[in-house]
Amino acid sequence: MSRPGDDDWIPEQLKDDVEEVLIPASRIGARLDELAVEVDRDYADRNGDLLLVGVLRGAIFTLSDLARRLTLPCAIDFMACSSYGSGTTSSGVVRILKDLDTDIEGRDVLLVEDIVDTGLTLDYLIKNLRSRKPASVEVLALLTKPSRREVDLPVRYVGFEVPDVFVVGYGLDYAERYRGIPHIVSLRPGTGV
Ligand code: 5GP
């Protein structure tokens, strides 16, 4: 029987909804180890003013697990924008629901996203942040679905490429469910997706 911490462990009540574990927790952790080394190296010569901006809510686990791996000091802030509601297709209309509390003028900003799908959300966010005159804006996305991209985006750090399936877990939801699953998983047809 699997236990919390195992790569095949799914909370009992959600087990029947899960089709497949696509990226187990241990692989996510190992990839974040690598990405943290890259971020540490890339920002080592800056002025020590790195700001991690998490896009709520899907990116919270990625942001917190990344921040705990960085050796450089960094500050943390969050933004929230409207995305899919409880559906699974992008509307293309982005609205900021929660803005930063931090003035980013002159700062190095690393935007942390859960998944880049069409890229419309990120495209809007990058343009919005750039208008505030930061020293730099880069993007770290845990997941990307390249086959779905509608706009060309400069995503500097990518965790994993995933196929065109709706994924949940490790912060990602479907109608606010499944965020706590520690892996990236696909859902069984019939779960509403
Ligand atoms: P985009 O604007 O790139 O099309 O969509 C980005 C947002 O859509 C992501 O931040 C995420 O909230 C949501 N999204 C896109 N694909 C998926 C997916 O496969 N699963 C989940 N849970 N959310 C997704």
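Here the structure is shown first, and the text comes after it.
Description of the structure in this document. Because the structure is a prediction, the values reported are computed rather than measured.

1. Some details on the sheet that holds strand S1 (residues 18-23)
Pairing between the strands of a sheet is mediated by backbone hydrogen bonds and can be parallel or antiparallel.
Then, in step 1: One open sheet accounts for three strands, arranged S1-S9-S8; its pairing is antiparallel. Two strands close off the open sheet at either side, each with one partner strand: S1 and strand S8 (167-168).

2. Focus on the packing of aromatic side chains
Then, in step 1: What the rule picks out here adds up to two aromatic pairs.
Then, in step 2: Judged by centre distance (5.7 Å) and plane angle (75 degrees), the ring pair of Phe61 and Tyr170 falls under edge-to-face. Placement of Phe61 in helix H2 (residues 60-67) and of Tyr170 in the loop between S8 and strand S9 (184-187) is noted, with a sequence separation of 109 residues between them.
Then, in step 3: According to the relative accessible area criterion, Phe61 is partly exposed, its value standing at 28%.

3. Concerning helix H3 (residues 120-130)
Then, in step 1: Turning to H3, its buried residues number three or more, namely Thr121, Leu122, Asp123, Leu125, Ile126, Asn128 and Leu129.
Then, in step 2: Along its buried surface, H3 packs onto strand S2 (50-56), strand S3 (74-81), strand S4 (96-98), strand S5 (108-116) and strand S6 (136-144).

4. Some thoughts on the site of the ligand
Then, in step 1: Contacts to the ligand come from 17 residues, most closely from Asp114, Thr118, Thr121, Val167 and Asp173.
Then, in step 2: Take Asp114: an N or O atom from its side chain is 2.8 Å from an oxygen atom of the ligand.
Then, in step 3: Here an oxygen atom of the ligand sits 2.9 Å away from a polar atom, N or O, in the main chain of Asp117.
Then, in step 4: For the ligand, the protein covers 93% of the area, taking 500 Å² as the surface of the free molecule.
Then, in step 5: The greatest single-element share of the shell around the ligand, amounting to four residues, is contributed by S5.
Then, in step 6: Residues belonging to the shell around the ligand are distributed by class as follows: eight nonpolar, four polar and five charged.

5. Comments concerning the sheet that holds S2
Then, in step 1: An order of S4-S3-S2-S5-S6-S7 is seen for the six strands of this open sheet, with the pairing classed as mixed. A single partner strand is all that each edge strand has here, and the edge strands are S4 and strand S7 (157-161). Looking at each pair of strands side by side, their axes are set apart by 30 degrees on average, direction ignored.
Then, in step 2: With four bridges joining them, S6 and S7 adopt parallel strand pairing. For Ala141, the partnering residue across the bridge sits in S7 and is Val158.
Then, in step 3: Against the sheet, helix H1 (residues 25-43) touches S2, S5, S6 and S7, its axis set at about 160 degrees to S7.
Then, in step 4: H2 contacts S2, S3, S5 and S6 of the sheet and is inclined by roughly 155 degrees relative to S2.

Calculation rules
Residues numbered from 1 in each chain as written. Predicted model: local features only at pLDDT ≥ 70, side-chain atom pairs only at ≥ 80, totals over all residues. Heavy atoms only, no water. Pairing = 2+ DSSP bridges. Helix = DSSP H or I, 4+ residues; strand = E, 2+ residues; numbered from the N terminus. Phe/Tyr/Trp six-rings, centres within 6.5 Å; stacked < 30°, edge-to-face > 60°. Buried < 20%, exposed > 50% of the residue type's maximum accessible area, 1.4 Å probe, protein only. Contact = heavy atoms within 4.5 Å. Near = heavy atom within 4 Å. Polar contact = N/O pair within 3.5 Å; in protein donor to acceptor, adjacent residues only side chain to side chain. Areas by Shrake-Rupley, 256 points an atom, 1.4 Å probe, with all protein chains shown as cover. Nonpolar A, V, L, I, M, F, W, Y, C, P; charged D, E, K, R; others polar. Axes fitted to C-alpha atoms, helices over the stretch in contact; angles between N-to-C directions.

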